[in-house]
Amino acid sequence: MNAWLTQHRAAFVQAVRRLAGNPFNTLLSLFAIGIAMTLPAFGYIVLDNLRSLGHSASGGQQISVFMAQDASTAQVDEIRQRLQQLPGVNTRFVPRAEALERLQAKQDLADIVASLPRNPLPDAFIVEPTDISPAALDTLRNEIADWPKVAHVQLDTAWVKRFDAFLRLGKLALTLLAALFAIGLIAVTFNTIRLQVMAKAAEIEVARMIGATDAFIRRPFYYFGALQGALGGLIAAALVFAALAQLAAPVSELAALYGGDYRLRAPTGIEVAILTGLGAFLGWIGAQLSVSLSLRNFD
Amino acid sequence: MIVASNLTKRYPGGFEALRDVSFRIAAGEMVLITGHSGAGKTTLVKLIASIERPTSGSLVVNGQNLSALRRGAIPYVRRHFGLIFQDQKLLFDRNALDNVMLPLQIAGFSQRDAVRRAQAALDKVGLLAREKAMPIALSGGEQQRLAIARAIVNRPTVLLADEPTANLDKDSAADIRYLFSDFHRVGVTVVVATHDQNWIETCHGNALRLGHGRVV
């Protein structure tokens, strides 16, 4: 175990030395990887901001559930209980009297409401589901509509569907972009490691002759690839932060013009960690491919 | 103990470097492999060191049949040998100490232990004062002694050398011969491929003479 740890530590230190030993080339590679990762990472954050903006612009997706005029208090209570038992749903009850008061409060409708012989409005529930995907909303609406004494369930899914389609298209484009840049990152690492293996040919040959296992020879290259990818991921995160900082003020101004208050969301610590880990993983893959192919020449 | 039975090595293309070679080297013995250029000396050293695999026949070192080794076991077998090459195969981007530490790093020694043992090996070959020197700054004889330090640092049971005194001046070659005798005296099995006549004349008959790939 100690020998294993010692060898891993030595391989890691060797990888760091290789990175530091050629600072100009290292910086070029890191920026190439960083920029390749910035575009999909920035796209992800922008899409997520759009999703959040869309959600707040619609005031959250609500389903209005109107009870039948002849529904008794017990029947309304039963619907209330059923709604409360639904997972991932917030419910607010609007009694018919409160609804009428609200209507009366509107200046242009006050006279009309006052002239009505009786309250024409039904009891209602405002349902706010957490899952606002069009499919989930449709399922929920259909389920509630089948309940007894529910006269009407109102849900405007057209806007949600359009926005969701736009987001899905964006996600697809982003996935394709991310896949392309991931291949680019692997290619950059592959080439860097291939050059390193060529430069270290004598060392590899000697090491093999005196008892080095394949794992011993490969390990520093794997660490190098993973480290390079991870540092590239950190650079990408820094570039995303910088880009968002530039966009923050104009976006807030735009939101203010529409009477809203919106601030761009920056990547969270976990997202930065995922980006760094993804960079490390892709770098490791590039190193693995490169070392496997390059070391065949030594067999 | 090294026991070869009907050892044959045929390279792609049909060239037969060794044919039906059989011999026995006892533990702690010192044997010179001699013969003209192309006799198969280097091939035999490479077979014993598991750098190459025999085409047929068996080669047993310390009870282990090298002919039947699976690929993954070869590095671990090589660690029992101290290998010295005619061209030393030193790493010219590392100093003397780092060159000697390489086998210890491969074996997983801690940095502190590796430094201590590498310095002891350098001391043994008289190069401790030059531990920070780069190989390019060493003379031919010193480079060969550095290669020997690297070969012995792991305390191998068998010391294998291929023409270790070739390209050296008379005095340096004598130094190297004395070093090998020292290791033999402390019980290390020493196998040296050489055509150094001074060495062959003083080996007291412990020579395996090869000619055209056969024992003669």
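What counts and what doesn't
- Residues numbered from 1 in each chain as written.
- Chains lettered and ligands numbered in written order.
- Predicted model: local features only at pLDDT ≥ 70, side-chain atom pairs only at ≥ 80, totals over all residues.
- Heavy atoms only, no water.
- Pairing = 2+ DSSP bridges.
- Helix = DSSP H or I, 4+ residues; strand = E, 2+ residues; numbered from the N terminus.
- Contact = heavy atoms within 4.5 Å.
- Buried area = accessible area lost by both parts, 1.4 Å probe.
- Salt bridge = Lys/Arg side-chain N within 4 Å of Asp/Glu carboxyl O.
- Expected span 1.5 Å × (residues − 1).
- Buried < 20%, exposed > 50% of the residue type's maximum accessible area, 1.4 Å probe, protein only.
- Arc of directions from axis to C-beta.
- Axes fitted to C-alpha atoms, helices over the stretch in contact; angles between N-to-C directions.
- Core = buried A, V, L, I, M, F, W, Y, C linked by side-chain atoms within 4.5 Å.
- Phe/Tyr/Trp six-rings, centres within 6.5 Å; stacked < 30°, edge-to-face > 60°.
- Lys NZ or Arg CZ within 6 Å of the ring centre and 35° of its normal.
- pLDDT = per-residue confidence, 0-100.
- Bend = angle between axes of the 7 residues up to and from the residue.
- Patch = residues over 30% accessible without salt bridge, like charges linked within 9 Å, V, L, I, M, F, W, Y side chains within 5 Å.
- Areas by Shrake-Rupley, 256 points an atom, 1.4 Å probe, with all protein chains shown as cover.
- Parallel < 35°, antiparallel > 145°, perpendicular 65-115°, else oblique.
- Left-handed = near helix turned anticlockwise from the far one by under 90°.
- Nonpolar A, V, L, I, M, F, W, Y, C, P; charged D, E, K, R; others polar.

**Considerations on the sheet that holds strand β1 (residues 2–10) of chain B**
All names here are of chain B.
Then comes step 1: Strand order in the open sheet made by the four strands is β2-β1-β4-β5, with antiparallel pairing throughout. For this open sheet the edge positions go to β2 (16–25) and β5 (64–65), each flanked by a neighbour on one side alone.
Then comes step 2: Sheet topology note: the β1/strand β4 (residues 56–61) ladder contains five bridges and is antiparallel. Across the sheet, threonine 8 pairs through a bridge with serine 56, a residue of β4.

**Examining the interface of chain B and chain A**
Then comes step 1: Each partner contributes to the interface: chain B provides 21 residues, whereas chain A provides 19 residues.
Then comes step 2: Across the interface of chain B and chain A, roughly 1600 Å² is buried in total on both sides, 62% from carbon and sulfur atoms.
Then comes step 3: Three residues, Arg71, Lys89 and Ile106 of chain B, lead the burial of chain B against chain A; their summed loss comes to 29% of the area buried on that side.
Then comes step 4: Where chain B touches chain A, the interface holds four salt bridges.

**Examining helix α3 (residues 73–85) of chain A**
Residues and elements named next belong to chain A.
Then comes step 1: The end-to-end C-alpha distance of α3, which contains 13 residues, comes to 18 Å, matching closely the 18 Å that a straight helix rising 1.5 Å per residue would cover.
Then comes step 2: Those residues of α3 not exposed but buried are Val76, Ile79 and Leu83. Viewed along the axis of α3, the buried residues span an arc of 60°, placing them on a single side of the element. Along α3, exposed side chains directed more than 90 degrees from the buried face belong to Ala74, Gln84 and Gln85.
Then comes step 3: Among the structural elements, β1 (63–67), β2 (89–94), β3 (124–129), α6 (134–145) and β4 (150–154) are those in contact with the buried residues of α3.

**Points about the sheet that holds β3 of chain A**
All names here are of chain A.
Then comes step 1: Spatial strand order, β2-β3-β1-β4: four strands in an open sheet with antiparallel pairing. The open sheet is flanked by β2 and β4, the only strands paired with a single partner. Each neighbouring strand pair of the sheet contributes to a mean axis angle of 20°, computed without reference to strand direction.
Then comes step 2: For β1 and β4, the ladder comprises four bridges, and the chain directions are antiparallel. When the bridges of β4 are listed, valine 65 appears paired with valine 153.

**Observations regarding the nonpolar core**
All names here are of chain B.
Then comes step 1: Within the largest apolar cluster, 37 residues are counted, with the highest numbers of intra-cluster contacts made by Ile84, Val100, Leu146, Ile148, Leu159 and Phe180.
Then comes step 2: The greatest single-element share of this core, amounting to six residues, is contributed by helix α5 (residues 140–152).
Then comes step 3: If sequence neighbours within four positions are ignored, isoleucine 84 has contacts with Gln144, Ala147, Ile148, Ala151, Leu159, Leu160, Ala161, Asp162, Pro164 and Phe180.
Then comes step 4: Counting 32 residues, the second largest nonpolar core, distinct from the first, contains Val31, Val61, Ile74 and Phe81.

**Regarding the packing of aromatic side chains**
Where two aromatic rings form a pair, the distance of their centres and the angle of their planes describe that pair.
Then comes step 1: Scanning the entire structure with this criterion turns up seven aromatic pairs over all chains.
Then comes step 2: The side chain of arginine 80 of chain A reaches across the aromatic face of phenylalanine 93 of chain A, ending 4.7 Å from its centre.

**Section: the confidence of the model for chain A**
Then comes step 1: Per-residue confidence for chain A gives a mean pLDDT of 87, with 96% of residues at or over 70.
Then comes step 2: Here helix α5 (residues 107–114) of chain A is the element of chain A with the lowest mean pLDDT, 72, and helix α10 (residues 269–295) of chain A is the one with the highest, 94.

**Quick look at the pattern of salt bridges**
Residues and elements named next belong to chain A.
Then comes step 1: Taken as a whole and judged by the stated rule, the model has 22 salt bridges over all chains.
Then comes step 2: Here aspartate 48 makes a salt bridge to arginine 265, at a shortest N to O gap of 2.6 Å. Linking aspartate 48 in helix α2 (residues 23–57) with arginine 265 in the loop between α9 (214–257) and α10, this pair joins segments that are 217 residues apart in sequence.
Then comes step 3: The shortest N-O distance in the salt bridge between arginine 208 and aspartate 214 comes to 2.7 Å.
Then comes step 4: Of the residues examined, arginine 208 reaches a relative accessible area of 12% and is grouped as buried.
Then comes step 5: Classification of aspartate 214 as partly exposed rests on a relative accessible area of 24%.
Then comes step 6: Where salt bridges share partners, they join Asp48, Arg51, Arg265 and Glu271 into one cluster.

**Some remarks on α9 of chain A**
Then comes step 1: With 44 residues, α9 of chain A extends 63 Å from end C-alpha to end C-alpha; this agrees with the ideal 64 Å at 1.5 Å per step.
Then comes step 2: A maximum bend of about 35° is found in α9 of chain A at alanine 248 of chain A, where proline proline 250 of chain A lies one to four positions downstream.

**What about a nonpolar patch on the surface?**
Residue and element names in this part refer to chain A.
Then comes step 1: On the surface, a cluster of nonpolar side chains totalling about 350 Å² of accessible area is made up of Leu27, Phe31, Ile35 and Leu239.
Then comes step 2: For the nonpolar patch, the element with the most residues is α2, which contributes three residues.
Then comes step 3: Along the polypeptide, leucine 27 turns up in helix α2.
Then comes step 4: The class for leucine 27 is partly exposed, based on a relative accessible area of 48%.

**Describing the packing of helix α4 (residues 111–124) of chain B against α5 of chain B**
Residues and elements named next belong to chain B.
Then comes step 1: Direction vectors running N to C along α4 and α5 enclose 135°, while the axes themselves pass 9 Å from each other. Taken together, the axis directions place α4 and α5 in an arrangement best described as oblique. The interaxial crossing formed by α4 with α5 has right-handed handedness. Residues Ala121, Leu122 and Lys124 of α4 lie in contact with α5, whose contacting residues are Leu146, Ala149 and Ile152.
Then comes step 2: Here the residues of the contact of α4 with α5 sort into five nonpolar, no polar and one charged.

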